[in-house]
Amino acid sequence: MMRYTQLIGLLSFAAVVFCMISFIILAGENNFPILPDTFLPQSSTSMKELWLIRHGQAPHNVLFQQKKNLQAQSLRDPPLNQKGEQQARDLHFRIKSAVKDVELIVTSPLRRTLMTTDIVFSRADIPVLVSALPREQGDYACDYGSPKSTIQREFPHRDFSALQESWWTEKETVSQVLERVAQFREFLNTRSENTIAVVSHGMFLKHFVSSFSTRRFENCECYRVMLDDEGNVNNSC
């Protein structure tokens, strides 16, 4: 009796296997999916890789470090100092081998970010977009920019057509900056490029990654993050 039961079980298993093989063959011949659509793997969320770069050191940074806050705040749109230029050159050589992956550079229109962009990405044949969206939080004169007509003369190789003559905001609140961060994320997601370098500022970048980090960006630091098509940022590079 036991052998008879085992034989029935083996025959049933063989029948199941035969049916499965036949179904697979028929599926291939008739070009229809073996599994229903609900069981097929779904496409993953589209992601962009962002290189977040803070500008090199400028005179107001040194004054803030020396607790000379009033002097630092009064410097209007300062350029890089010698140390800042060297920091930018150092970053240029650190990322030189990987720069070929960058498809677009978006830079703030302040002098220190424009200079950082010129040095870090020197000799790189990458489009550069000057945008007011990733500018610094407008707290003091050191965070206010120069008129469009002025910086056009200083950086004639850059396209400032997207800027108004006075493109900065004075006495900008945190809520205004967070709104601008959201707008910038939306803007980046309208771009076709998948790897984008952003040359910006300490406070703006701090707010940009605040959803997952309390990171403080150092001068000429490059930090890679991922941006999904819903505007979420994470550091899973």
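Everything that follows concerns the structure shown earlier in this document.
This write-up is about the structure you can find in this document. Bear in mind that the values here come from a model prediction, so they are computed numbers and not experimental data. (Residues numbered from 1 in each chain as written. Predicted model: local features only at pLDDT ≥ 70, side-chain atom pairs only at ≥ 80, totals over all residues. Heavy atoms only, no water.)

## With respect to unusual backbone geometry
Inclusion rule: For helices the rule is a DSSP run of H or I covering at least 4 residues; for strands it is a run of E covering at least 2, with both sets numbered from the N terminus onward. Exposure is judged per residue with a 1.4 Å probe applied to protein chains only, and the accessible area is read against the type maximum: over 50% gives exposed, under 20% gives buried, and values in between give partly exposed.
A positive phi angle is found at Lys-67, which is not glycine, with a value near 65 degrees. One can find Lys-67 in the loop between helix H2 (59-65) and helix H3 (69-74). Judged by its relative accessible area of 69%, Lys-67 falls in the exposed class. In the Ramachandran plot, Arg-123 falls in the positive-phi region, its phi being about 70 degrees despite a non-glycine side chain. Structurally, Arg-123 is set in the loop between helix H5 (111-120) and strand E3 (128-130). Arg-123 sits in the exposed class, given a relative accessible area of 87%.

## Some words on the packing of aromatic side chains
What counts, and what does not: A pair of Phe, Tyr and Trp rings is counted when the ring centres sit within 6.5 Å of each other, with Trp represented by its six-membered ring. The angle between the planes then sorts it: under 30 degrees is stacked, over 60 is edge-to-face, the rest tilted.
Using the criterion set out here, one finds 6 aromatic pairs in the structure. Geometrically, the ring pair formed by Phe-184 and Phe-208 is edge-to-face, given 6.1 Å between the ring centres and 65 degrees between the ring planes. In this pair, Phe-184 is assigned in helix H7 (residues 174-190) and Phe-208 in helix H8 (residues 202-208), connecting sequence segments 24 residues apart. Taken as a pair, Phe-184 and Phe-208 share a single burial class, namely buried. With 6.3 Å between their ring centres and 35 degrees between their planes, Phe-204 and Phe-208 make a pair best called tilted. Remark: Phe-208 and Phe-204 occur in helix H8; sequence separation between them is 4 residues, near one turn of the helix. When sorted by exposure, Phe-204 lands in the same class as Phe-208, which is buried. Every member of this aromatic cluster is reached through a ring pair, and the members are Phe-184, Phe-187, Phe-204 and Phe-208.

## Some remarks on the packing of helix H4 (residues 82-95) against H5
As a reminder, the rule being used: Convention adopted: a line fitted to C-alpha atoms gives each axis, helices being fitted over their contacting stretch, and angles between N-to-C directions are expressed from 0 to 180 degrees. Here the word oblique covers every angle except those under 35 degrees (roughly parallel), over 145 (roughly antiparallel) and from 65 to 115 (roughly perpendicular). Crossings are sorted by hand: turned counterclockwise from the far helix by less than a right angle, the near helix makes the crossing left-handed, and turned clockwise it makes it right-handed. Note on definitions: a residue-residue contact is assigned when non-hydrogen atoms from the two residues lie within 4.5 Å. In this count, Pro and Cys sit with the nonpolar residues alongside Ala, Val, Leu, Ile, Met, Phe, Trp and Tyr, while Asp, Glu, Lys and Arg are called charged and the others, Gly among them, polar.
Relative orientation of the contacting elements H4 and H5 amounts to 40 degrees, with a least axis distance of 8 Å. On the basis of the axis angle, H4 is oblique to H5. At the point where H4 passes H5, the crossing takes the right-handed sense. Along its contact with H4, which presents Glu-85, Ala-88, Arg-89, Leu-91, His-92 and Ile-95, the element H5 presents Met-115, Thr-116, Ile-119 and Val-120. Classifying every residue of the contact of H4 with H5 by side-chain character gives 6 nonpolar, 2 polar and 2 charged.

## Some words on the pattern of salt bridges
The cut-off we apply is this: By definition, a salt bridge exists where a carboxyl oxygen of Asp or Glu is found within 4 Å of a side-chain nitrogen of Lys or Arg.
All chains considered together, the criterion is met by 9 salt bridges. The residue Glu-49 makes a salt bridge to Arg-224 at a minimum N-O spacing of 2.9 Å. Remark: Arg-224 occurs in strand E5 (residues 222-228) and Glu-49 occurs in strand E1 (residues 47-54); sequence separation between them is 175 residues. Between Asp-77 and Arg-111 there is a salt bridge, with the nearest N and O atoms lying 3.4 Å from each other. Taken together, the residues span a long stretch of sequence, with Asp-77 in the loop between H3 and H4 and Arg-111 in helix H5 at a distance of 34 residues. Look at Arg-111 and you get buried, because its relative accessible area is 16%.

## Notes on the side chain of Asn-61
Structurally, Asn-61 can be placed in helix H2. Each residue touching Asn-61, except ones within four places of it in the same chain, is listed here: Arg-54, His-55, Gly-56 and Asn-219.

## Quick look at H5
With 9 of 10 residues buried, H5 is to be regarded as a mostly interior element. Looking at H5, one finds that the buried residues are Arg-111, Arg-112, Thr-113, Leu-114, Met-115, Thr-116, Thr-117, Ile-119 and Val-120.

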